[in-house]
Amino acid sequence: MSFRKGSKVWLEDKELAWMEGEVVDLKDKLFVVLTSQRKKISVSAERLLPRDIDEDLGGGHVDDMTKLTYLNEPGVLYNLKRRYALNEIYTYTGTILIAVNPFTKLPHLYNEYMMEQYKGVRLGDLSPHVFAVADSSYRAMMSEERSQSILVSGESGAGKTETTKLIMQYLTFVGGRASTDHRSVEQQVLESNPLLEAFGNAKTVRNDNSSRFGKFVEIQFDASGRISGAAIRTYLLERSRLVQITNPERNFHCFYQLCASQTCVEKYKLGDPSGFHYLNQSKTYELEGTSNADEFVRTKRAMDIIGISIDDQEAIFRTLAAILHLGNIEFSPGKDYDSSIIDNPKSLFHLQMAADLFMCDSKLLVATLISRSIQTNEGIIVKALDCEAAAANRDALAKTVYSRLFDWLVENINKSIGQDEDSKIQIGVLDIYGFECFTNNSFEQFCINFANEKLQQHFNEHVFKMEQEEYSNEEINWSYIEFIDNQDVLDLIEKKPIGIISLLDEACMFPKSTHETFSTKLFQSFKSHKRLEKTKFSETNFTLSHYAGKVTYQTDSFLDKNRDYVIMEHCNLLSSSKCTFVSGLFLSSQEESSRSSYKFSSVSSRFKQQLQALMETLNTTEPHYIRCVKPNSLNRPQIFENQSVLHQLRCGGVLEAVRISLAGYPTRRTYFEFVDRFGILALELMDGSYDEKTITKAILDKLNLDNFQLGFTKVFLRAGQIAILDMKRSEVLDHAAKFIQSRFRTFIARKDFLLTRQNSISLQAFCRGCLARRIYENKRKTVAAVIIQKYFKRWMMNRTFSQIRSSALFIQSIVRGFIARQKFSCFKEHRAALLIQSTWRRRKVLQNFKHCRNSAVAIQCAWRQKLARRELRKLRVVANEAGALREAKSKLERKLEEYTWKYELERKLRLASEESKHAEVAKLQKALERSSAECKAAKSAAQKEHTKYVSAQSQLDQSLKEITNLKGSLVQMAQVKNENSNLKNMVDSLTKKTSNLESELSKARKCSDDTLEKLQDTEGNCKKLQQNLDKLEKKLSSLEKENQILRQDAVNSLTPKTFSESKYSNALALHPSVEKPVFETPTPKKYLAPFNQTLTGGSRRNRIVAEKHEENHEFLQKCIRENLGFKNGKPVAACIMYKSLLHWRAFESERTDIFNHIIEQINDVVLKESEKENDVLPYWLSNTSALLCLLQKNLRSNGFLNTPARRSSGALSFGGKVFQTLKSPTKLLGLEETLITQVDAKYPAIMFKQQLTASLEKIFGHLRESLKKQISPLLSLCIQAPKSARGHNGKLTKSPGGSVAPLPMNTHWDNIIKFLDSLMDRLRNNYVPSFFIRKLITQLFSFINIQLFNSLLLRRECCTFSNGEFVKSGLSLLEKWISDTTEEYAGTSWHELNYIRQAVGFLVIHQKRKRTLEEIRQDLCPVLSVRQIYRICSMYWDDKYSTQSVSSEVVATMREMVNRDSQNLVANSFLLDDDLSIPFSTEDLSKAIPAVDPTDVDLPKSLSDLPSAQFLACNNNELVVA
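Note that the coordinates shown come from a computational prediction; the quantities given were computed from them, not determined experimentally. (Residues numbered from 1 in each chain as written. Predicted model: local features only at pLDDT ≥ 70, side-chain atom pairs only at ≥ 80, totals over all residues. Heavy atoms only, no water.)

Attention now goes to the overall build of the protein. Looking only at helices and strands, the protein has 47 helices and 30 strands in total. Burial status across the protein gives 45% buried among its 1522 residues. Long-range pairs, those at least 24 residues apart, make up 74% of the contacts in the protein between residues at least 6 apart in sequence. Surface accessibility of the protein: about 79700 Å² in total, with carbon and sulfur atoms responsible for 54%. (Helix = DSSP H or I, 4+ residues; strand = E, 2+ residues; numbered from the N terminus. Buried < 20%, exposed > 50% of the residue type's maximum accessible area, 1.4 Å probe, protein only. Contact = heavy atoms within 4.5 Å. Areas by Shrake-Rupley, 256 points an atom, 1.4 Å probe, with all protein chains shown as cover.)

A contiguous patch of negative charge on the surface is contributed by Asp336, Asp338, Asp386 and Glu388. One can find aspartate 336 in the loop between β13 (332-333) and β14 (340-341). (Patch = residues over 30% accessible without salt bridge, like charges linked within 9 Å, V, L, I, M, F, W, Y side chains within 5 Å. Salt bridge = Lys/Arg side-chain N within 4 Å of Asp/Glu carboxyl O. Lys, Arg positive; Asp, Glu negative; His and termini not counted. Charge placed at Lys NZ, Arg CZ, Asp CG, Glu CD.)

What follows concerns the nonpolar core. Phe199 and Ile316 are the most contacted members of the largest nonpolar core, which totals 258 residues. Here phenylalanine 199 is in contact with Phe252, Cys254, Thr299, Met303, Ile316, Leu320, Tyr402, Leu405, Phe406 and Leu409, once residues within four sequence places are set aside. Within the second largest apolar cluster, 50 residues are counted, among which are Tyr235, Phe435, Phe518 and Tyr553. (Core = buried A, V, L, I, M, F, W, Y, C linked by side-chain atoms within 4.5 Å.)

What follows covers the packing of helix α6 (residues 253-260) against helix α9 (residues 310-327). With their axes 10 Å apart at the nearest point, α6 and α9 run at an angle of 100° to one another. Between α6 and α9, the interaxial angle falls into the category roughly perpendicular. Contacts between α6 and α9 involve Cys254, Phe255, Leu258 and Cys259 on the former and, on the latter, Phe317, Leu320, Ala321, Ile323 and Leu324. Per-class residue counts for the contact of α6 with α9 are nine nonpolar, no polar and no charged. (Axes fitted to C-alpha atoms, helices over the stretch in contact; angles between N-to-C directions. Parallel < 35°, antiparallel > 145°, perpendicular 65-115°, else oblique. Nonpolar A, V, L, I, M, F, W, Y, C, P; charged D, E, K, R; others polar.)

Here we take up the pairing of strand β7 (residues 96-100). Within β7, five of the five residues are buried, which leaves the element mostly enclosed by the surrounding structure. Of the two faces of β7, the one lined by Ile96, Ile98 and Val100 and the one lined by Leu97 and Ala99 are each fully buried. Inspection of the sheet shows strand β6 (residues 90-93) paired to β7 by four bridges, in the antiparallel sense. Residue pairing for β7: threonine 91 is matched across the bridge by isoleucine 98. In textbook terms, the turn of a hairpin is the stretch between consecutive antiparallel strands, and for β6 and β7 this stretch comprises two residues, one of which, glycine 94, has a positive phi near 75°. Pairing between β7 and strand β23 (residues 622-629): four bridges, direction parallel. For alanine 99, the partnering residue across the bridge sits in β23 and is cysteine 628. (Pairing = 2+ DSSP bridges.)

This part is about helix α13 (residues 443-474). The end-to-end C-alpha distance of α13 is 46 Å, a good match for the 46 Å that 32 residues give at a rise of 1.5 Å each. Extensive coverage of α13 is indicated by the burial of 24 of its 32 residues. (Expected span 1.5 Å × (residues − 1).)

The subject of this paragraph is the packing of helix α8 (residues 292-306) against α9. Close contact between α8 and α9 brings their axes to 10 Å; oriented N to C, the two are set at 140°. As far as their axial angle goes, α9 and α8 are oblique. In this structure, α8 meets α9 at a crossing whose hand is right-handed. Facing Phe296, Lys300, Met303 and Asp304 of α8, the residues of α9 in contact are Ile310, Gln313, Ile316 and Phe317. The class makeup of the residues in the contact of α8 with α9 is five nonpolar, one polar and two charged. (Left-handed = near helix turned anticlockwise from the far one by under 90°.)

With respect to topology, three strands assemble into an open sheet ordered β18-β19-β20, the strand pairing being antiparallel. On the outer flanks of this sheet lie β18 (532-534) and β20 (549-553), each paired with one strand and no other. With strand direction ignored, the average angle separating the axes of adjacent strands in the sheet is 30°. With three bridges joining them, β18 and strand β19 (residues 542-546) adopt antiparallel strand pairing. Looking at the pairing, glutamate 533 lines up with threonine 543 of β19. Each of β18 and β19 is contacted by helix α14 (residues 487-494), which is oriented at about 145° to β19, the strand it contacts most. Helix-sheet contacts for helix α16 (residues 515-525) involve β18 and β19, and the interaxial angle to β18 is about 125°.

Here we come to the pattern of salt bridges. Here the structure, examined in full by the defined rule, presents 33 salt bridges. One salt bridge connects arginine 139 with aspartate 135, and the closest N-O pair in it is separated by 3.2 Å. Of this pair, arginine 139 and aspartate 135 both sit in helix α3 (residues 130-144), four residues apart, which is roughly one turn of that helix. A residue is classified by how much of its surface remains accessible, and aspartate 135, at 0% relative accessible area, is buried. A salt bridge links arginine 394 to aspartate 395; its shortest N-O distance comes to 3.2 Å. Accessibility expressed as a relative area gives 15% for aspartate 395, which makes it buried. Among the charged side chains, a network of salt bridges with common partners joins Arg212, Glu238, Arg241, Glu249 and Glu436.

Right, dumping it as structure tokens:
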């Protein structure tokens, strides 16, 4: 393959297997490649592989390997790596599923809702998943009636067992059934896994829970697709692990679980695993994150579910303990050279324990271990065994017991589950070990790889067959395609008479054969075989070239592990055990007798036979393949080791499938995809006048390509052709880029020239402007100088005139001032003389006045002093009374504290009463009485305090008056100043004290007011409690009434005969003229049967009543069956039925079946017509809601207590009836009682209301589900934009005339709008209340949101930019429809689309890489969870502008958050769940549905001929006359 400069390539690397690079130069036929690590390497073209230049677009990964542009090893490897980094662990390769072990829990991928999403979906429509493969096999089984098989393979730790569990979990989901013994088949199949894991799994170097056996589970189905039985087959249990393990591996799990059980340790004398030889060969006893004790409990629970009895469980554990004790027996050399004995006390203890647990003779056990008997013609010869042979004999016994125990478990599991012998179809799930290649490979690896070679041949045939089918479907020639086969390897291993297995069996049959002789004969027999090689450093090891690579086997233990002697001494010993379980494992048979106690059996031959039987089973089924991959050897998440994964892809046959595809036409593209990518190679054909197939052929012919074929829907290209096309496309793009660059450079140069020219013109204009401005400046300066001279001369003349004028004015002002000063001095002297005279006269008069005043003051002071002393004595008495005021104050404070304490007590009592108000009603009443008494006491105390306060206030007023008097007297006492000052101080102190007293009194008044308010609040609370108590008593009374109704109904049901007889006897005793129409109430026909139909009057009357009941039933049935329509928006059927029931007094009847008849008829009509797209469901939704509204408005449930009074009214006199008639004027016209008045309903009427509510909910549910079924096909077309709407390379196609062809972008969305419009028309035409329309539309939009959002997250082709625009345009149509429908009918429908709106809004925003996680979570997608945002980001790809998704930092942050949630076991699925609940209650109906008045509804003409409807016709006629 030729590469050019700039080509993107893959380069081989020792560490990374393959690494990214770009060709930067070509030197000496070597390409210089710039690697992703910025290193330049010169390599030849043979070490390079092409890489897609557009691989970074579309998220950088594909969900199906066949979609890769270059299907090669590095493309497959890095596609898996990119998907694994996004937690996308499943990937398709055609129909093959590759599952990468995430090493973390992903609960959102395996819940029941995810199963529901993949149920019935075609493989490839949704994201890759193990459920998709399981569903595909199940659907193929049901459609083709052919058995299927699912082959799960992979190396140890890749997740095969977990994948098998998930497959069975899904198959039980789609085909599960309940069993009669409370243990379903599927449950037993799933619960058999822990049991088989405990006895068949062990820790290996690569996996803590590696299956050491192969398992094929056959799940059998009946003709209807339900599980009818199951069977489990096992292959090649690794028995050698029981006696020999290496560090850090472990033995089988069951031994460690047994040692962790305290009861088993004490019962079977066990202990720590380090004390047993079979377990302490490795120092690993515990598994990280696993408890052996918990696993033991889980194993026991699995045994219980499977059906293993307690005795058998006890025997199983005893057998396991015996094996452990058997392994601790050590042998010592005996007296003879080749003999051995057991003389160690510890070994003797373990020997005795093993014998006790096996329930056999210990001496016989010793003899069996240290000797061997040979039967000859002369008799039995007993041969002693040396220590090594005795140890081998001991290990053989342990392996034999354990293998038979394992076979017994499998057999009993199959018996417990039960096989369906009549089943003709089944699904087999094969969980088998993958290809193994270790440093040391022994006999187990040889058998495992032999099985994988067989399965690989089957896999190659299947892949080749699938290739042939696709070529045949597309009708292309495929006869020359070479099929890659590995039959030569299989012949080398299993061919008779000369094959590795045959040679091995032959060597095992000779006692003196060794692995050296086996290897020598092997190399002699296959000297020139290309698949067999001899190693350089060993004479016995050999290398086989398997499909996955070369494996070197060490033959040291081949012969020992292949020998499976059946030692008769062992069988005889254990068959004689007193334990029926152990003896049952070794049933004696006469046919087993032989000359030797050893009967040879080959493990490899038996395994070959089992494998052949398995292949025959697989050949009769349609296979499905799942390849499990282990991403790293550390068993940790988010670590991807390229070399290890590439090796597993080779071992799993994935790369072999790639090679098969490369042998044919590996590159397959639909015509649309081909034209979309390579249409630029023939732009002259892209005008829209040619179809895509014609354009494809023209492009390939234009490039002279021959290695291609055109199918119906795809173009098939041979290997290398896509590289030529990409190279031509790159050349066209390079030429276009150069053309664009040249045009751009021309544009830049012209732009620079125009800018330079503009700048030069601007510079010239600036220079000319500068010269003109200078000339203008000179001229302006000359004119300015002339003006300045003119104004200066003017200023000089003005200045001279001003100086002369100011001098004249100054002289005049001096003269005038001198004259004025002389006049002012004369005036001043005259004024001073007058002032002196007036002052002297004033002084003389003032002296006389002061002398008189001082004399009067002296007399007054003497008198006032005398009075002041008298008042002083009184003030001292008042001061002594101030102490009494303080005591009054303290008393008030104590009472205030007492009031606060009482308030706190009342508050606590009120809280206590609120908490126990339902249970302690009597206590609340007593507390209410105590609080009222205390309230009265507080009121009286407050009144007393108020009187005291009034008296204190009067005393204070008097003291204030006295103080004012004292102040006046003290002012006049001038002679006794010292005493006055003391009195003033005392007055000040008294004023302060009085002010303090006033403030304290005000505070006390406020406190008393607060206590009064709180007491009033407590009184209000007590009143509220009393009201609540009254309400509770009312509810209690209503419940008692309903209970009494139910009791009475129970009593009546116990004595139906007496009830009916008394009823009819009373009715027959009445006079016909006085008798009320009680027989119009329908009576059950079973009560009429006992009466003899004779010609007597009573029997005739009974026959008339029965006929009347039948007529009533016919009338109601016709009302229900026919569509009576509506009148003035009222449903006619509901109104007619209600009026009829009211007329027949059915609501007041204690026993009637008419209500059940109505409910049955309505349900029959709804069930028959619900599947049809008609108006039956909206019609009956309107009728049932109206009828229920009438019942809720007009029925009372307390009429049962007044039944005796109402029955007595039936025997009223004629006058009483006339009186009742006069009370109801409408009866004079022959009408019934007013329908608005409430009726006392009996128990059947109450039950009828509940049944009608249930029918209403059922009708609403049927209508909702019917609408979902109708809209689902439309939604499936609306989630993905039509291909024609995308155009080629992001452009609209053009018609031949050059005009843009209009694309029907919203055709599918228009269908949604039409569907919604028709729905609204149907609902409005049937007068469905707006309440139901609002609820229905809201739930329908919620379903639209769920379907679109889930489809968006499950289908990668939907997470594109153009598809986001398509869905967004459709959502805008829905928004317009909602706004046009108004909130009355649409409600909150627009808010129900929040998830899909925000998800689509995120798809169509630009520059996603600049968005932070906080911006996405808070601004763009606040409703979406992190897991949902992460899912969208990992699946997004821009098919329009080739932009990238969010930054790697944001993706890494979200991945950490998602992994943290997964580790915390938060099962928050990224999918939305559908809400199937009924969105309203009975209380909502009574409030939301408008009242219906049935009085003005006329009887339809179709019912007027019925006799039972005549009363309605008479009523209508009388109303017309009136």
